[in-house]
Structure formats: structure tokens, C-alpha cells
Amino acid sequence: MEGAIMSGCASSHVNNDGVYLFDARGVAKRFRHAAIFGALDALHPGETMRFTNDHNPLPLLAQLGARYGHAIEVSYVANQVSGVVIDFRRQ
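Small disclaimer: the values here were computed from a predicted structure and weren't measured.

Caption draft 1: Region of the structure containing the overall build of the protein. Along the backbone of the protein there are two helices and five strands. Element order for the protein, N to C, with α for helix and β for strand: β-β-α-β-α-β-β. Taken across its 91 residues, the protein has 36% of its residues classed as buried. The long-range fraction of contacts in the protein, counting pairs at least 24 apart against all pairs at least 6 apart in sequence, stands at 57%.

Have a look at this one:
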């Protein structure tokens, strides 16, 4: 999975590693941030959401920092021209 950009529509399920998958590319742009915040709010401490998007979401990351502070750890899995994969881990 590392370095790969998954394709497909919006999804949210758990992979074999217990990581919740969230593919934002199938979510209408006007609803993306609300859907992402809702998914992150649903995580329990220690859980991870693997986020896939068609671009590097710098404005979203700034909003996450303002909203969650250090309660969400951000780790890039892949950062390519075709899109990004980021792990968000709830602290």
C-alpha cells in the first residue's frame, strides 16, 4: 500500500491492519471537509483513518490543526502528483 494511490469512489471501511479507509475523491467537494471532520470525530484514541485524496489538502490540514491541535497525528503515506494518502491517528 505504501506509495500507492488507491482508486475508486468514496469509501470508509477497515483494512486488515485495523485502519479505517476514507477515499475523499468520490465525495462532492462541497461536502468533503464536513465528511472528513465527521469521520475523525468518530475515531477513538489510538485509531487511524487512512485518507486518500486527489490533491494535497493543505487548507484542510490547517483546519485540522486549528480544530484538533495535537489530538490528531498526521503522517503522509504517499504524496504524488496523482494524489495523496495520509494517515490521521487519533491521540
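From this point, things continue past the structure.
Caption draft 2: Structural view of the packing of aromatic side chains. If you walk through the whole model with that rule in mind, you get two aromatic pairs. For the ring pair F22 and F51, a centre distance of 6.3 Å and an interplane angle of 20 degrees mean the geometry is stacked. Placement of F22 in strand 2 (residues 20–23) and of F51 in strand 3 (residues 48–53) is noted, with a sequence separation of 29 residues between them. In this structure, F22 and F51 share a single accessibility class: buried. For F51, a relative accessible area of 1% gives the class buried. Put simply, the rings of F22, F51 and F88 pair up and form one aromatic cluster.

Caption draft 3: Representation of the pattern of salt bridges. What the rule picks out here adds up to four salt bridges. A salt bridge links R25 to D23; the shortest N-O distance between them is 2.7 Å. For R32, the salt bridge identified is with D54, shortest N-O distance 3.4 Å. Taken together, the positions of R32 in helix 1 (residues 29–42) and D54 in the loop between strand 3 and helix 2 (58–68) put the pair 22 residues apart, joining distant regions of the chain. Residue R32 is classed as buried on the basis of its relative accessible area, which comes to 7%. Since its relative accessible area comes to 31%, D54 is described here as partly exposed.

Caption draft 4: Expanded view of the pairing of strand 5 (residues 83–90). Counting buried residues along strand 5, six of its eight residues qualify, which places the element largely inside the surrounding structure. As paired elements, strand 3 and strand 5 share six bridges and run antiparallel to each other. Within strand 5, the position partnered with M49 by the bridge is F88. As paired elements, strand 4 (residues 72–80) and strand 5 share eight bridges and run antiparallel to each other. From the neighbouring strand, A78 faces strand 5, where its bridge partner is V85. Linkage of strand 4 to strand 5, two consecutive antiparallel strands, is achieved through a turn of two residues.

Rules of the game
Residues numbered from 1 in each chain as written. Predicted model: local features only at pLDDT ≥ 70, side-chain atom pairs only at ≥ 80, totals over all residues. Heavy atoms only, no water. Helix = DSSP H or I, 4+ residues; strand = E, 2+ residues; numbered from the N terminus. Buried < 20%, exposed > 50% of the residue type's maximum accessible area, 1.4 Å probe, protein only. Contact = heavy atoms within 4.5 Å. Phe/Tyr/Trp six-rings, centres within 6.5 Å; stacked < 30°, edge-to-face > 60°. Salt bridge = Lys/Arg side-chain N within 4 Å of Asp/Glu carboxyl O. Pairing = 2+ DSSP bridges.

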